Amino acid sequence: MRKSRIKRTKTVCTYCGVGCSFEIWTKDRHILKVEPNTDAPANGISTCVKGKFGWDFVNDRERLRKPLIRRGDSFYEAEWDEALDLVASRMREIKTNHGPDAIGYISSSKCTNEENYLMQKLARAVMGTNNIDNCSRYCQTPATEGLKRTFGLGGDTGGIEDIANADLVIVIGANPAESHPVLSTRVRRAHKRGTLKLLVADLRKHDLAERADLFIHPRPGTDLIWLSAVTKYIIDQGWQDNAFLQTRANGFVAYAESLAHFTLEDAVEKTGLSRETLKSVATMIHEAKRVCILWAMGVTQHMGGSDTSTAICNLLTVTGNVGRKGTGAYPLRGHNNVQGAGDFGAAPGLLPGYQPVSDAKVRERFEKVWGTPLPQSAGLDNHQMVEKIHEGKLKAMYIFGEDMALVDANANHVQAAFAKLDFFVVQDVFFSKTAEFADVVLPASPSLEKEGTFTNTERRIQRLYEVFPPLADSQPDWKIIMQLANRLGANWTYRHPEEIMREAASLIPLYAGVTYERLEGFKSLQWPVQEDGMDTPVLYLERFAQPDGKAQLYPVEWTKPLELDAEYDLHLNNGRMLEHFHEGNMTYRVPGIEQKVPVTYVEVSKELAEARGVKTGALVLLTSPYGKVKVRAVVTDRVTGNELYLPMNTPNDEEAVNYLTSSYHDAITHTPAYKEISVKLEVL
Ligand code: SF4
C-alpha cells in the first residue's frame with residue numbers, strides 16, 4: 001500500500017497575541033487544512049479566519065529566496081557568504097569609525113523568543129551597544145509601564161480563560177472581535193450565557209460595543225479623565241475595598257488626595273459623557289464582585305498612554321480587583337510575540353527578564369555566561385534611533401521582521417531617515433517597503449518554517465514546530481543572526497532553538513523552569529515558571545511584585561491630546577480589521593482573504609457624509625500636517641460626527657495610515673501617539 005505523505009504539525013498562530021495553537025495538515029508544500037485544538041488553553045474554541053486560512057503566503061512567488069545586495073538603484077541576488085561577509089565587514093567598519101552606539105538593532109515581536117534573545121545578544125555582547133528595541137514600542141510599552149508602576153511586572157495579570165470568570169468585563173480602546181477574535185468569542189459567549197456584564201468605552205461602535213450592557217463614547221484622548229473621575233466617585237461613596245487597600249496596597253491616602261480635581265463636573269466637561277453615565281460606570285464596578293479590564297492601543301497610543309494605563313491599574317487596585325481569580329488587568333498584546341520580545345530583552349534599558357542594564361549585579365550574571373563585558377547605559381529605542389539618524393549620529397541599522405518604514409508613525413519622516421543611513425540591513429520574508437532603503441536584504445523563514453517558542457498575551461509560552469523546510473535559500477532568523485555574530489567574532493554553537501532557550505532560562509528568573517520537554521506538543525506554561533516547572537496562571541494571588549509585596553497606587557495627571565483646528569478639522573482613529581494582519585505583507589497574499597477584503601477604506605459617519613457629500617465608494621483624499629492618503633470611503637454608523645476610522649492594514653503602501661501620523665509620543669515610553677491625528681477630507 002502506498003504510504004501517505006500527509007503530515008500533521010503543531011504550530012502557534014502568528015496573527016495576534018491570543019496565540020491559538022493548531023495542527024497544520026500538509027502534503028509536500030501544500031496546506032490541506034488547519035485543525036484547531038480546542039483543548040489548547042489559548043484557543044478553547046477554534047481559530048479565526050486568519051488562523052484558519054491565512055497561510056498560503058508561505059509559497060508565494062514573491063517570497064525572498066536569496067540574499068539581495070544593492071548595486072546602484074537596484075539589487076542583485078547573492079550567495080549567503082557574500083551577503084553576510086559584506087554585512088559583517090560594514091558593521092565592523094562603522095563600529096571602528098563611529099563607536100558601537102552608531103548602529104541600531106530592531107528585533108521582532110513576530111519572531112520567536114529564541115530569535116529575540118539572539119538579536120539582543122548580538123547587539124550587546126558582540127557589538128557592545130544597548131541600541132536594541134522591538135515593535136512593542138509602537139503598541140504596548142505604555143501598558144507595561146502602567147503595570148510595572150503599580151503591580152511590579154509587565155504581564156497580563158491573569159489568563160484568557162479567567163476573563164470569563166469575571167462578573168464585569170470592561171473593554172477600553174480595544175476591538176477584540178477584530179484584533180483578538182478568539183478571546184472576543186469567549187467573552188461574547190460568557191456574556192450571552194448571562195454570567196458577566198460588558199462595558200465598552202470606545203470611539204467606534206464595534207462588535208462588542210454593539211453587545212455591551214453599557215457603551216460609552218468619551219471624546220478622543222480623555223480616558224484618563226473618566227477613569228479617574230469614576231475612581232474618585234467610588235471613593236467618595238465609600239465603595240473602595242478597604243480590606244484590600246489595608247493589607248495589599250500602598251499609597252491610598254496620597255492617591256485619593258491626588259484625585260481631588262477629577263470631579264464629575266470636570267469629567268462631564270472634558271469627556272462629553274453625562275454625569276449619569278459616569279455614575280452608572282461606577283455603580284457597575286461597585287456591584288460586580290470580580291472585574292477585569294481589557295485595553296489596547298486606543299489607550300496606549302496617546303501622549304498620555306502610560307498614565308492612562310496606570311489609571312486603569314489604580315482603579316482595579318482601589319476596588320480590590322486584582323490578585324484574585326476572575327479579576328485583573330489585561331492589556332491585549334497585538335502581535336503574537338510582543339510579550340516574548342520584551343521578556344527576552346529586545347529593549348534598550350533591559351536585559352532579558354526585565355533586568356536593568358544599569359544594575360552591575362545583573363550585568364555580572366550575564367557577562368559570566370556570555371563571556372564578555374556589557375555596555376552599562378540604556379541604548380536608543382526605535383523612536384530615538386530615527387531622530388539620531390536625522391542628527392547624523394546613528395549610521396547603520398539592522399532590522400528583522402519589521403516593516404518599520406510603514407508601521408512607525410510619521411512614515412515620511414522615518415523613510416527620510418532610512419535614506420540617510422550609511423548602511424542598512426533588512427531581514428524579512430518579503431521585499432517590504434523598508435527593504436527599498438536597504439543595502440542588503442536577507443531572506444528569512446516565516447513561523448511555519450522554523451522551531452522555537454512564542455509567549456502570548458497571557459504570558460503563555462508555547463512551542464512551534466517546523467511544518468515545511470525553509471523555502472529556497474531562506475533561513476530561520478536565529479540561524480542568520482548566529483552566522484553574522486560568528487563573523488563578527490562570536491563563537492556561538494547553537495544547533496537548535498532548544499539550546500538557546502536553555503541558556504536564556506538560566507538567566508531569566510521568570511523562565512527558570514522552562515524547558516522544551518515541558519512544552520512538548522500542546523503543553524504550555526505561563527510565567528513565572530519555577531525551576532520545578534510550576535507555572536502561574538494568575539499573578540499576585542499572594543504577593544505583588546513590588547519590593548514589599550504590595551500593589552502601589554500611583555498618582556497620574558491628564559495629558560491634553562492634540563486638538564483639531566479650523567484646517568485639520570476631523571479626528572482620524574485607526575486600528576486593525578479582522579481579515580488582515582498589520583501592514584498586509586502576508587494576508588493580502590492569501591487569495592481567499594484577499595478576495596473577501598481586497599482594499600482598505602476609511603469609515604465616515606452618516607452625518608459627516610451628508611454634510612460633505614461623501615458616498616460609499618467615493619475616493620477621498622485625507623491630508624494631515626505630515627502627509628496624504630487617497631482611499632475609498634465607507635459611510636457607516638460605526639463612527640460618529642467628525643471622527644473617521646482608517647484600518648492600518650492595506651495592500652497598497654500609499655494608503656498606509658502612517659503617512660498621516662505624527663512624531664508626537666508618550667513622554668515616558670516614546671510610543672507614538674498614533675491615535676491623535678487631525679486631518680482634512682476632500683472628495684476627489
Ligand atoms: Fe490567530 Fe489570533 Fe485568530 Fe487565534 S484569534 S487564530 S491567534 S489571529
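> Before we go on, may I ask you to explain the pattern of salt bridges in this structure?
Where charged atoms from two side chains of opposite charge approach closely, those side chains can pair. Applying the stated criterion across every chain yields a total of 41 salt bridges. Lys-606 is paired through a salt bridge with Asp-637; the nearest N and O atoms lie 3.9 Å apart. Of this pair, Lys-606 sits in helix H24 (residues 606-612) while Asp-637 is found in the loop between strand S26 (627-636) and strand S27 (643-647), placing the two residues 31 residues apart along the sequence. Overall, Lys-606 belongs to the partly exposed group, its relative accessible area being 49%. Taking the relative accessible area as the measure of exposure, Asp-637 reaches 49% and is therefore partly exposed. Overlapping salt bridges, with partners in common, bring together Arg-8, Glu-23, Lys-33 and Glu-35 in one network.

> What's the story with the pairing of strand S5 (residues 74-77) in this structure? I'm lost.
Regular strands place their side chains on alternate faces of the sheet. Inspection of the sheet shows strand S4 (residues 68-71) paired to S5 by four bridges, in the antiparallel sense. Paired with Arg-71 across the bridge in S5 is Ser-74. The antiparallel pairing of S4 with S5 creates a hairpin that spans two residues between the two strands, and Gly-72 there sits at a positive phi of about 65°.

> Just checking my understanding: could you explain the site of the ligand for this structure?
For the ligand, the full set of nearby residues is Cys-13, Tyr-15, Cys-16, Gly-19, Cys-20, Thr-47, Cys-48, Lys-50, Gly-51, Pro-181 and Val-182. At the level of elements, helix H1 (49-53) and helix H7 (181-193) are the ones that each hand at least two residues to the shell around the ligand. Split by residue class, the shell around the ligand holds seven nonpolar, three polar and one charged.

> What is the right way to read helix H3 (residues 113-126) from this model?
Counting along an α-helix, one turn takes 3.6 residues, and residues three or four places apart therefore face a common direction. Here H3 spans 19 Å end to end across 14 residues, near enough to the 20 Å set by a 1.5 Å rise per residue. In terms of residue burial, H3 counts as a mostly covered element, since 14 of its 14 residues are buried. Just downstream of H3, Gly-128 is the residue with a positive phi angle, here 80°.

> Any chance you could explain the nonpolar core here in plain terms?
Soluble globular proteins tend to bury their nonpolar side chains together. By size, the foremost hydrophobic cluster in this structure holds 118 residues, and its most contacted members are Tyr-105, Leu-122, Ile-172, Trp-226, Trp-295, Tyr-398 and Trp-492. If you look at the next biggest cluster of nonpolar residues, it comprises 39 residues, including Ile-24, Phe-57, Val-58 and Leu-448.

> Teacher, can you tell me more about empty space enclosed by the protein here?
One way to see where empty space is left: roll a probe the size of a water molecule over the atoms. Inspection of every chain in the model, using the stated rule, returns seven cavities of 30 Å³ or more. Within this model, the largest cavity holds a volume of roughly 380 Å³. Lining the largest cavity are 31 residues, and of these Gly-173, Ala-174, Asp-202, Gly-298 and Lys-675 sit closest to its centre. Put simply, the parts of the chain that give the lining of the largest cavity at least two residues each are helix H6 (176-179), helix H14 (297-300) and strand S23 (570-575). For the lining of the largest cavity, the element with the highest residue contribution is S23, accounting for four residues. Within the lining of the largest cavity, the residues separate by chemical class into eleven nonpolar, 14 polar and six charged.

> Explain helix H12 (residues 264-271) to me, please; I cannot follow it from the model alone.
Residues Leu-264, Asp-266, Ala-267 and Thr-271 constitute the buried set of H12. With its buried residues spanning 155° around the axis, H12 presents them on a single face. Taken together, the buried residues of H12 touch helix H9 (223-236) and helix H13 (275-287). Gly-272 sits one or two residues past H12 and shows a positive phi near 80°.

> Sorry, what's going on with the domain arrangement of the protein here?
Many structure descriptions define interface size as the accessible area lost when the parts assemble. Taken domain by domain, the protein holds domain 1 (6-59), domain 2 (68-136 + 336-526), domain 3 (141-332) and domain 4 (570-667 + 674-683). Its C-alpha centre places domain 1 at a distance of 32 Å from the equivalent point of domain 3. Summed over both partners, the interface of domain 1 with domain 3 buries about 810 Å², with 70% contributed by carbon and sulfur atoms. Where domain 1 packs against domain 3, one counts zero salt bridges. On the surface where domain 1 and domain 3 come into contact, there are zero residue pairs in polar contact (both at pLDDT 80 or more). Looking at the side of domain 1 that touches domain 3 residue by residue, the classes come out as seven nonpolar, five polar and one charged.

> How should I be thinking about the packing of aromatic side chains in this particular structure?
Scanning all chains against the criterion turns up 19 aromatic pairs. Both rings, one in Tyr-233 and one in Trp-239, keep their centres 5.9 Å apart while their planes meet at 85°; by these two values the pair is edge-to-face. For Trp-239, a relative accessible area of 24% puts it in the partly exposed group. An aromatic cluster is defined as three or more aromatic residues linked by ring pairs; in this entry it consists of Tyr-15, Phe-22, Trp-55, Phe-57, Phe-430 and Phe-581. In this structure, Arg-204 packs its charged tip against the face of Tyr-645, placed 3.8 Å from the ring centre.

> Quick question: what am I supposed to make of the sheet that holds S4 here?
Backbone hydrogen bonds are what pair the strands of a sheet, in a parallel or an antiparallel way. Pairing is mixed in the open sheet, where seven strands are placed in the order S5-S4-S18-S17-S16-S6-S7. Of all strands in the sheet, those bounded by a partner on one side alone are S5 and strand S7 (132-133).

> Sorry, what's going on with the packing of helix H17 (residues 360-370) against helix H22 (residues 497-507) here?
For any two helices packed against each other, the geometry is given by the interaxial angle and the distance between the axes. Running from N to C, H17 and H22 point in directions that differ by 150°, and their axes come no closer than 10 Å. The angle between H17 and H22 falls in the class roughly antiparallel. Where H17 crosses over H22, the handedness of that crossing is right-handed. Across the interface between the two elements, Arg-365, Phe-366, Val-369 and Trp-370 from H17 touch Glu-503, Ser-506 and Leu-507 from H22. The class makeup of the residues in the contact of H17 with H22 is four nonpolar, one polar and two charged.

Scoring rules and cut-offs
- Residues numbered from 1 in each chain as written.
- Predicted model: local features only at pLDDT ≥ 70, side-chain atom pairs only at ≥ 80, totals over all residues.
- Heavy atoms only, no water.
- Salt bridge = Lys/Arg side-chain N within 4 Å of Asp/Glu carboxyl O.
- Helix = DSSP H or I, 4+ residues; strand = E, 2+ residues; numbered from the N terminus.
- Buried < 20%, exposed > 50% of the residue type's maximum accessible area, 1.4 Å probe, protein only.
- Pairing = 2+ DSSP bridges.
- Near = heavy atom within 4 Å.
- Nonpolar A, V, L, I, M, F, W, Y, C, P; charged D, E, K, R; others polar.
- Expected span 1.5 Å × (residues − 1).
- Core = buried A, V, L, I, M, F, W, Y, C linked by side-chain atoms within 4.5 Å.
- 1 Å grid on protein atoms, 1.4 Å probe; cavity = no way out; pocket = protein on both sides within 12 Å on 5 of 7 lines; lining within 4 Å.
- Points joined across faces, edges and corners; volume = space filled by probe spheres on them.
- Arc of directions from axis to C-beta.
- Contact = heavy atoms within 4.5 Å.
- Domains from an automatic or database assignment.
- Buried area = accessible area lost by both parts, 1.4 Å probe.
- Polar contact = N/O pair within 3.5 Å; in protein donor to acceptor, adjacent residues only side chain to side chain.
- Phe/Tyr/Trp six-rings, centres within 6.5 Å; stacked < 30°, edge-to-face > 60°.
- Lys NZ or Arg CZ within 6 Å of the ring centre and 35° of its normal.
- Axes fitted to C-alpha atoms, helices over the stretch in contact; angles between N-to-C directions.
- Parallel < 35°, antiparallel > 145°, perpendicular 65-115°, else oblique.
- Left-handed = near helix turned anticlockwise from the far one by under 90°.

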